[in-house]
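So you can see what is in the structure, the chains are spelled out below.
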Amino acid sequence: MNFTILKEIFAGFLRTRHIARHFRRFALLDALNQTGASREVPATLAQTLVAAAKSDTEALFKTLDSHADGLTEGQAEAVRERVGLNEVEHEKPLPWWMHLWHCYKNPFNLLLTLLVVVSYATDDMKAALVIGTMVVLSTFLRFWQESRSNKAADELKAMVSNTATVIRRDPSEDAAEEARKYFDVALHPKAAHRIEVPIKQLVPGDLVALSAGDMIPADCRLLTAKDLFIAQSAMTGESMPVEKFTFLSDTNAVSPLELDNIVFMGTNVVSGAATAIVISTGNSTYFGALAVRVTATDRAPTAFQSGVNKISWLLIRFMFVMAPLVLFINGFTKGDWMEALLFALSIAVGLTPEMLPMIVTSTLAKGAVILSRKKVIVKRLDAIQNFGAMDVLCTDKTGTLTQDKILLSRHIDAWGLDSDEVLEMAYLNSYYQTGLKNLLDVAVLEHVEVHSVLEVATAFRKVDEIPFDFTRRRMSVVVAEHDEHHLLITKGAVEEILSVCTQVRHGEAVESLTPELLNRIRQITANLNEEGLRVVGVAAKELPPTKDTYGLADEGELTLIGYVAFLDPPKDSAAPALKALAEHGVTVKVLTGDNELVTEKVCREVGIKVKPETILMGSDIERMDDSKLAMAVEKTNVFAKLTPANKERIVRMLKSNGHVVGFMGDGINDAPALRAADIGISVDTAVDIAKEAADIILLEKSLMILEEGVLEGRRTFSNMLKYIKMTASSNFGNVFSVLVASAFIPFLPMLPMHLLVQNLLYDISQIAIPFDNVDEELLKKPQGWQPVDVGRFMVFFGPISSVFDITTFLMMWFVFGANTPEKQTLFQSGWFIVGLLTQTLIVHMIRTSKLPFIQSHASTPLMVTTGIIMAVGIFLPMGPLANYFKLQALPPLYFVFLPVILLAYIGLTQAVKGFYTRRYGWQ
């Protein structure tokens, strides 16, 4: 018989049979694919993972239609066609045209576009050109800056590992199995082999081999494991690696994160080795469910967006009230409705702060450039102002406040006193063990000074070791010291070490381990645990050098030497950064998935005062309704054992309470909260989903950058607010003056052309505002949009200019005789200069609560631009272009009165400013 042909026949037959068996797999895969964004983790996914954890191996292979030697390539391809690639949901970048539209759409740009259309329809091409230019510049500047930032952020999104080691079996194995089953023919297929496969090609049922440093490529059930420690801080917030086993210690576990034999996509292997079967892939993983939740929900408007919209609509409503008034008053008093319409349109243009989008965008862009020099990527320009307005910063603990690196914190004897002998014994144990070293061993071995002190290379020789196992939870090495005696050194879990100890080292003496002493020892280790330390016991005994092989029976009658205690220490920059933020009015709240004891220890070290009983746990939050939680988040600064949904809910509650909330995190479990916050902050080493959800990415680990970002945000906001206040008050004053003049003067107090030129010159003088200096007191507390304050400011300061406008009207009417239509050009020229100069001076008067030019100095660019505009304002009526602009030269006497008017204007403004500051404060 031709066995090659036989194998091919039955390989094809098997493929046909697999089609039927795939339907058993589909029941599981359909459950896995039922993910949704409404919950943190879909119930079907949790149930599937729990079921997989509790299934025996044979049942799991049958459910997934897999095999102890893995899938064949054909089987994997068939499953991949059904479930898709192993890729999680990502926030897809907007097409350029959609991004451009988002940069354009805001109330002011839409209004300005409408004014461009109206101006064009009424043949006012100058107004159409000026306004259109402002809209185009502001839109493209924002588009360009955000595109640059997003491109830089995209370059950071590289996966740590993009392949997985998969166990594949040869298709001929199926034929061999079928032949044995039906024909009793013995075939000899090729053995299963390991290959590197792109992570995205993995499917449920695949067998993967894991070793130290590997990323977990999907949600998997462990089949074999040796000394396996998994770093899942990105998922849970736990600072210490978690031990994983092939068995399930808690058969009542219902949460996926409580399953000892399940490893999750996005975590990584710290030490050890394992083989695992893939349970779920892509969006069906725990990681994928979170990613779907983050990317499927639209961002809520940030504090910046809400504030700008409120201010915009305030000014727009003001314009819609005042422009019709001007139209009707001039129409009825002058009788020329077309001229009145053009004049009202000019008033509408003059009232509209068309430079607002440009000023806002250029100010934010300047802030982004400054922060980029400090190695901060600003993905969304609005985030800069939110930085300054932020009054609550929620931060993850692990990797954010801490170094995410295990360090040896204490080495003490059984009485709690520092002991070098404990460190020496622990060092010898870690140095000579041949198993895969976990992070605790690495932390011990970093004390290289012990190596030279003990003269390890010459004084000691390894004899044997008793490997670690999960039943004993300890391991031992035996070393010969100068070949005089053997020293058995054991380290491991405290209870397991105590179970094999009969004595305790006390200084140079040795005491018996009595029940009283045992209770004291347990109290000392409990105190260490309460400090957030992970404690490992160290014991030893001397043996005669009579044998070279040791076993479990030799781990008895040991002497307890002491303990080594480990901690994920806080970053050096954490404490000063949090102190600086507090001094600037930012409350810091810690939101972590780690336990409360570790959290309390870290918080204490970084200067956050907290007692364990005041820490709010995730389980407590689950039982609270929104009203109770809204009160609790105000009183509580530290939250522990949180799920991603808990973090997101806390952020939303703080926002609903009126806070501008920042969130800083770098893990998968932080992504929903990052997206919900007004400003999401992450780091370049964060997981991809966290970087996508963030608005700002720090390229350096120092938290002091946060303080710099807050200050830059406040400078940015102060300069934006200056423009709004200046423009709103100045425009209000101008319109009020126009209303008065229109009611009593038989001609237009100013031509539409004059209003547009004056408005254009005034706008040019504002270009340097983004580069202006900001008073130090404005940087000390968070700043936010207050439409009520802007409206009040406008009403207070607008009429001041009207007082001097009316004074100018009277001067031109009675002193210079400009009281007939034939002399209206003289009247209009006189008001043109006073109006422009007072408008420009208001820039310096309102930019600070202090005395301008003396107590507070404007930046050089602002001084230069305002000086030039004032000179141009005088030059236009007095120079050769006067006829073109329908102006005329003014008599010398005018320039005698002009300084008096301007000085009186400055004096009155300063007096009102003092009263306003005392009454309402100055933002």
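Everything below is about the structure shown above.
The structure presented is a predicted model; accordingly, all values stated were derived computationally and were not measured.

Q: Would you take a moment to explain the packing of helix 21 (residues 574–583) against helix 28 (residues 704–744) for this structure?
A: When two helices pack together, you describe them by how their axes are tilted relative to each other and by the distance separating the axes. Look at helix 21 against helix 28: their axes get within 7 Å of each other, and the N-to-C directions meet at 25 degrees. Considering their axes alone, helix 21 and helix 28 lie roughly parallel with respect to each other. Residues P576, A577, A580 and L581 of helix 21 touch helix 28, and the partners they reach there are M704, L706, E707 and V710.

Q: Explanation requested: the nonpolar core in the structure shown.
A: In summary, soluble globular proteins display a tendency toward joint burial of nonpolar side chains. In terms of nonpolar packing, the biggest core is built from 139 residues, with I681, I696, L698, L706, M812 and Y894 touching the most fellow members. With 16 residues, the top contributor of residues to this core is helix 28. Listed in part, the 30 residues of the second largest apolar core include V494, L498, C501 and A539.

Q: What is the right way to look at unusual backbone geometry in this model?
A: In terms of backbone geometry, most residues other than glycine have negative phi values and most peptide bonds are trans. The phi dihedral of D65 is positive, around 55 degrees, even though this residue is not glycine. Looking at the element boundaries, D65 is found in the loop between helix 3 (57–63) and helix 4 (73–83). Backbone geometry places F853, a non-glycine residue, at a positive phi of 70 degrees. Following the sequence through the fold, F853 ends up in the loop between helix 31 (824–846) and helix 32 (860–878). Relative accessible area serves as the criterion here: at 37%, F853 is assigned to the partly exposed category.

Q: Help me understand the packing of aromatic side chains in this model?
A: Each aromatic ring pair is characterised by the separation of its centres together with the angle its planes make. Enumeration according to the criterion identifies 20 aromatic pairs in this entry. A ring pair is formed by F245 and F247, whose centres lie 5.0 Å apart and whose planes are at 20 degrees; its orientation type is stacked. Accessibility expressed as a relative area gives 15% for F245, which makes it buried. Accessibility expressed as a relative area gives 42% for F247, which makes it partly exposed. The aromatic ring of Y920 is capped on one face by R792, whose charged end is 4.0 Å from the ring centroid.

Reading guide: rules and limits
Residues numbered from 1 in each chain as written. Predicted model: local features only at pLDDT ≥ 70, side-chain atom pairs only at ≥ 80, totals over all residues. Heavy atoms only, no water. Axes fitted to C-alpha atoms, helices over the stretch in contact; angles between N-to-C directions. Helix = DSSP H or I, 4+ residues; strand = E, 2+ residues; numbered from the N terminus. Parallel < 35°, antiparallel > 145°, perpendicular 65-115°, else oblique. Contact = heavy atoms within 4.5 Å. Core = buried A, V, L, I, M, F, W, Y, C linked by side-chain atoms within 4.5 Å. Buried < 20%, exposed > 50% of the residue type's maximum accessible area, 1.4 Å probe, protein only. Phe/Tyr/Trp six-rings, centres within 6.5 Å; stacked < 30°, edge-to-face > 60°. Lys NZ or Arg CZ within 6 Å of the ring centre and 35° of its normal.

Interpretation in functional terms is not warranted from these geometric data alone.
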